[in-house]
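Residue-level listing of the chains:
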Amino acid sequence: MEKILEQTLLYDFYGELLTRHQKEIYEDVVLNDYSYSEVAEERGISRQGVHDLIKRCHRILQEYEEKLHLVEKFVSIRKQIQETRQFIRESESVDRTLLEQQLEEIIRQL
């Protein structure tokens, strides 16, 4: 998975579990694309401090994913839905039984 997309999904799913301070700095660097230097100057901390905090936040978010697998499930379900849509588009006449099986598999994963 692309690194930016991965960071964004991890933050979307688990960001509320970070402290307010961690969230603000993580959002500035990762989501708002500010440089470490810009954030450090604005917050009155060192550039190295911002760098360390971003690494720590990413590690925390990754640990939540390793335990809960919410992003993994989301990506898997999204892929199955896209494949089902493609199947429907490409089929002149949809095999209802096969379509129902695919949809049941998606629902089971929820």
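Bear in mind the structure is a predicted one, so any value in this text is a computation, not a measurement.

A.B. asks: I would appreciate a short explanation of the environment of Val75 in the present structure.
C.D. replies: On the secondary structure map, Val75 appears in helix H5 (residues 70–90). On the accessibility criterion, Val75 (26% relative accessible area) is partly exposed. For Val75 and Gln7, which are 68 residues apart along the polypeptide, the C-alpha to C-alpha distance reads 13 Å.

A.B. asks: How should the side chain of Lys23 be read in this particular structure?
C.D. replies: Mapping Lys23 onto the fold places it in helix H2 (residues 20–31). Of the residues examined, Lys23 reaches a relative accessible area of 18% and is grouped as buried.

A.B. asks: Honestly, unusual backbone geometry in this entry has me stumped. Any pointers?
C.D. replies: Negative phi values dominate among residues other than glycine, just as trans dominates among peptide bonds. Unusually for a residue other than glycine, Asp33 sits at a positive phi of about 60 degrees. Note that Asp33 resides in the loop between H2 and helix H3 (36–43). A positive phi angle is found at His69, which is not glycine, with a value near 60 degrees. Within the element layout of this structure, His69 appears in the loop between helix H4 (47–68) and H5.

A.B. asks: What should I look at first to understand the nonpolar core in this one?
C.D. replies: Generally speaking, soluble globular proteins have nonpolar side chains that are buried together. The biggest cluster of nonpolar side chains holds 18 residues, and the ones touching the most others in it are Leu18, Ile25, Tyr26, Val29, Val50, Ile54 and Leu61. The biggest single contributor to this core is H4, with six residues. When neighbours within four sequence positions are excluded, Leu61 is seen to be in contact with Leu10, Tyr11, Tyr14, Gly15, Leu18 and Tyr26.

A.B. asks: Just to check I follow, could you spell out the packing of helix H1 (residues 3–14) against H4 for this structure?
C.D. replies: Running from N to C, H1 and H4 cross one another at 70 degrees; their axes reach a closest spacing of 10 Å. The pairing of H1 with H4 is recorded here as roughly perpendicular in orientation. For the pair formed by H1 and H4, the contact residues are Glu6, Gln7, Leu10, Tyr11 and Tyr14 on the first element and His58, Leu61, Gln62, Tyr64, Glu65 and Leu68 on the second. Residue classes in the contact of H1 with H4 are distributed as six nonpolar, three polar and two charged.

Rules behind the numbers
Residues numbered from 1 in each chain as written. Predicted model: local features only at pLDDT ≥ 70, side-chain atom pairs only at ≥ 80, totals over all residues. Heavy atoms only, no water. Helix = DSSP H or I, 4+ residues; strand = E, 2+ residues; numbered from the N terminus. Buried < 20%, exposed > 50% of the residue type's maximum accessible area, 1.4 Å probe, protein only. Core = buried A, V, L, I, M, F, W, Y, C linked by side-chain atoms within 4.5 Å. Contact = heavy atoms within 4.5 Å. Axes fitted to C-alpha atoms, helices over the stretch in contact; angles between N-to-C directions. Parallel < 35°, antiparallel > 145°, perpendicular 65-115°, else oblique. Nonpolar A, V, L, I, M, F, W, Y, C, P; charged D, E, K, R; others polar.

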